[in-house]
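# Notes for the structure review
The chain contents come next:
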Amino acid sequence: MSDNFEPRIVGFLCNWCSYAGADMTGTSRIPYPPNIRIIRVPCSGRVDPLFVLKAFQEGADGVMVLGCHPGDCHYSEGNYHARRRYALMHRFLDFVGIEADRLCIDWVSAAEGHRFAQVVAQFTAQVQPLGPWNGLQRRRR
Amino acid sequence: MSESIQTALRTRARELLELGEVSCVIGYERSPRGRVRPAFIYEPADADRLVWDNTCHHNLMVYLHDRKTPPRRGEEVPRVAVVAKPCDVRALNVLLHEGQIAREKVFVIGVACAGMCEEGTEELQARCRRCRERVPIFYDALVGEPPKVTAVDEDWADVVELEGMSAAERLAFWTREFDRCIRCYACRQACPGCYCFECMAEQVDPLWVGIAIELPEKAFFHVMRAYHLAGRCVECNACELACPMHIPLSLLNRKIAKEVEALFGYRAGGDPQTPPPLATFRKDEELPL
Ligand code: SF4
Ligand code: SF4
Ligand code: SF4
């Protein structure tokens, strides 16, 4: 894949931790890859796996689901549900041909500005060599 | 063997209807064209329409979906009897667990099952060769003797084969398969686990799945449907058998079943006590993400 391919990444960030964490990254002026397009959701438990699949079909090359660390969920247990859901979804998407490396689920707290930048940079670097994703989409005629 | 099961089924059905224990017996009958089809018996005199052989592969639990509400407001939900193989009973177990139907509204005529055959052959279906239980886990009446068969060990060979391919090959495989789908939804209609009033595939606000019969819509439907059945699919294969396009839906379902077993140590419908894996969690579990 060409070295200047810039993956398009959709990030579902929970309002209470990861989104605030991303804010912290910004206010602390920590640089992070501009590849991520952030969608704010109330909780990682709100991220229906169909959001992820839809993102892949609408042009995302990689999808991140970021939530509060286990034990810190604003709604007590949303991220525990997300953890189970995506442990399974990860393996299933790989089975239908969407490489496991294109999906990331991780935890970033509101105080972890540095960690947010790190997680995004790491994931961008991971998706980059895979090249653009254009499977299971509408074919150009 | 199937002769005696058939006789016992008819006797039991007639009895239940005569005593007024149930309003209807759901079983199998032979269609005018010779194939076995689902039958709904309301009169004792009709009980002799019931048949049993190795082509009674339909999962009749799906017909309970229409019978969980009273026919008219204020009336009682009628009690029905249903002929159930061991795999069907696991599907019923899922429905009971999800509060879809009350146990006392169903009379389970369990059948000890020697396995179902591939259409037009005497060869057992793959899922029946692998089957781990030949007698339903629960029933109100049992028909037939537990057959003497040695179940082969589950080796997930079909799933493992696909897992061995590269991601690109898998994508090509599924693109080819999904593309043949005509979106008739026969798979969904045949599935005991698909009872949503409004399926995500037909929801219009928000419109998750467009109305086009194109690859993205079809792929979306299949991936999401299989996922909705995670930890709930009992591998009865009703979906695949109903599919007019012979799409290998069992591969999708079995991949998920395999991972559910590996991740959560859970098998759908086997145990009425444990909640389905995606409806619960353990705080201390370590899951590979
Ligand atoms: S998805 Fe198919 S195999 Fe699974 S329960 Fe539904 S009909 Fe049966
Ligand atoms: S595919 Fe999903 S939304 Fe549709 S009926 Fe089945 S479980 Fe419900
Ligand atoms: S039954 Fe077959 S063709 Fe019809 S919607 Fe299901 S997979 Fe597609």
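Everything discussed here concerns the structure shown above.
Now for a look at the structure at hand. What you see is a predicted model, and the numbers here were worked out from it, not measured in a lab. (Residues numbered from 1 in each chain as written. Chains lettered and ligands numbered in written order. Predicted model: local features only at pLDDT ≥ 70, side-chain atom pairs only at ≥ 80, totals over all residues. Heavy atoms only, no water.)

Quick look at the overall build of chain A now. If you tally the helices and strands in chain A, you get four helices and four strands. Listing each helix as α and each strand as β along chain A from the N terminus yields β-α-β-α-β-α-β-α. Taken along its principal axes, the extent of the C-alpha atoms in chain A is 45 × 30 × 20 Å. For chain A, restricting intrachain contacts to residue pairs at least 6 apart in sequence, the fraction spanning at least 24 positions comes to 81%. As presented, chain A carries roughly 6,200 Å² of accessible surface, and 48% of it is formed by carbon and sulfur atoms. Here chain A contributes 16 positive and 13 negative side-chain charges, whose respective centroids are spaced 8 Å apart. (Helix = DSSP H or I, 4+ residues; strand = E, 2+ residues; numbered from the N terminus. Contact = heavy atoms within 4.5 Å. Areas by Shrake-Rupley, 256 points an atom, 1.4 Å probe, with all protein chains shown as cover. Lys, Arg positive; Asp, Glu negative; His and termini not counted. Charge placed at Lys NZ, Arg CZ, Asp CG, Glu CD.)

One key point about sheets: their strands pair by backbone hydrogen bonds, in either a parallel or an antiparallel sense. Residues and elements named next belong to chain B. With mixed pairing, the five strands of this open sheet are ordered in space as β2-β1-β3-β4-β5. Only two strands of the sheet have a single neighbouring strand rather than two, namely β2 (36–41) and β5 (141–143). When strand polarity is set aside, the average angle formed by the axes of neighbouring strands in this sheet is 30 degrees. Here strand β1 (residues 24–30) pairs with strand β3 (residues 80–84) via three bridges, running parallel. (Pairing = 2+ DSSP bridges. Axes fitted to C-alpha atoms, helices over the stretch in contact; angles between N-to-C directions.)

This brings us to the state of the cysteines. In protein chemistry, a disulfide is the covalent bond that joins the sulfur atoms of two cysteines. All names here are of chain A. Inspection of the entire model under this criterion finds one disulfide over all chains. At a sulfur-sulfur separation of 2.4 Å, the disulfide partner of Cys17 is Cys68. Because the torsion about its S-S bond is 100 degrees, the bridge between Cys17 and Cys68 counts as right-handed. Note that Cys17 is positioned in the loop between β1 (9–14) and α1 (18–27) and Cys68 in the loop between β3 (62–67) and α3 (78–95), a separation of 51 residues in sequence. Across the pair, Cys68 and Cys17 agree in class, each one buried. (Disulfide = S-S within 2.5 Å. Buried < 20%, exposed > 50% of the residue type's maximum accessible area, 1.4 Å probe, protein only.)

Taken together, the contact between chain B and chain A spans 43 residues of the former and 35 residues of the latter. Taking both partners together, chain B and chain A bury about 3,700 Å²; carbon and sulfur atoms supply 70% of that area. By the criterion of area lost to chain A, the three top residues of chain B are Tyr227(B), Phe281(B) and Leu289(B), representing 20% of everything that side buries. Our count for the contact surface shared by chain B and chain A stands at five salt bridges. The interface formed by chain B and chain A includes twelve residue pairs in polar contact (both at pLDDT 80 or more). Breaking the side of chain B that touches chain A down by element, the ones donating at least two residues are α4 (157–163), α5 (167–180), α7 (215–228) and α9 (249–264) of chain B. In terms of residue count, α7(B) provides more of the side of chain B that touches chain A than any other element does, nine residues in total. (Buried area = accessible area lost by both parts, 1.4 Å probe. Salt bridge = Lys/Arg side-chain N within 4 Å of Asp/Glu carboxyl O. Polar contact = N/O pair within 3.5 Å; in protein donor to acceptor, adjacent residues only side chain to side chain.)

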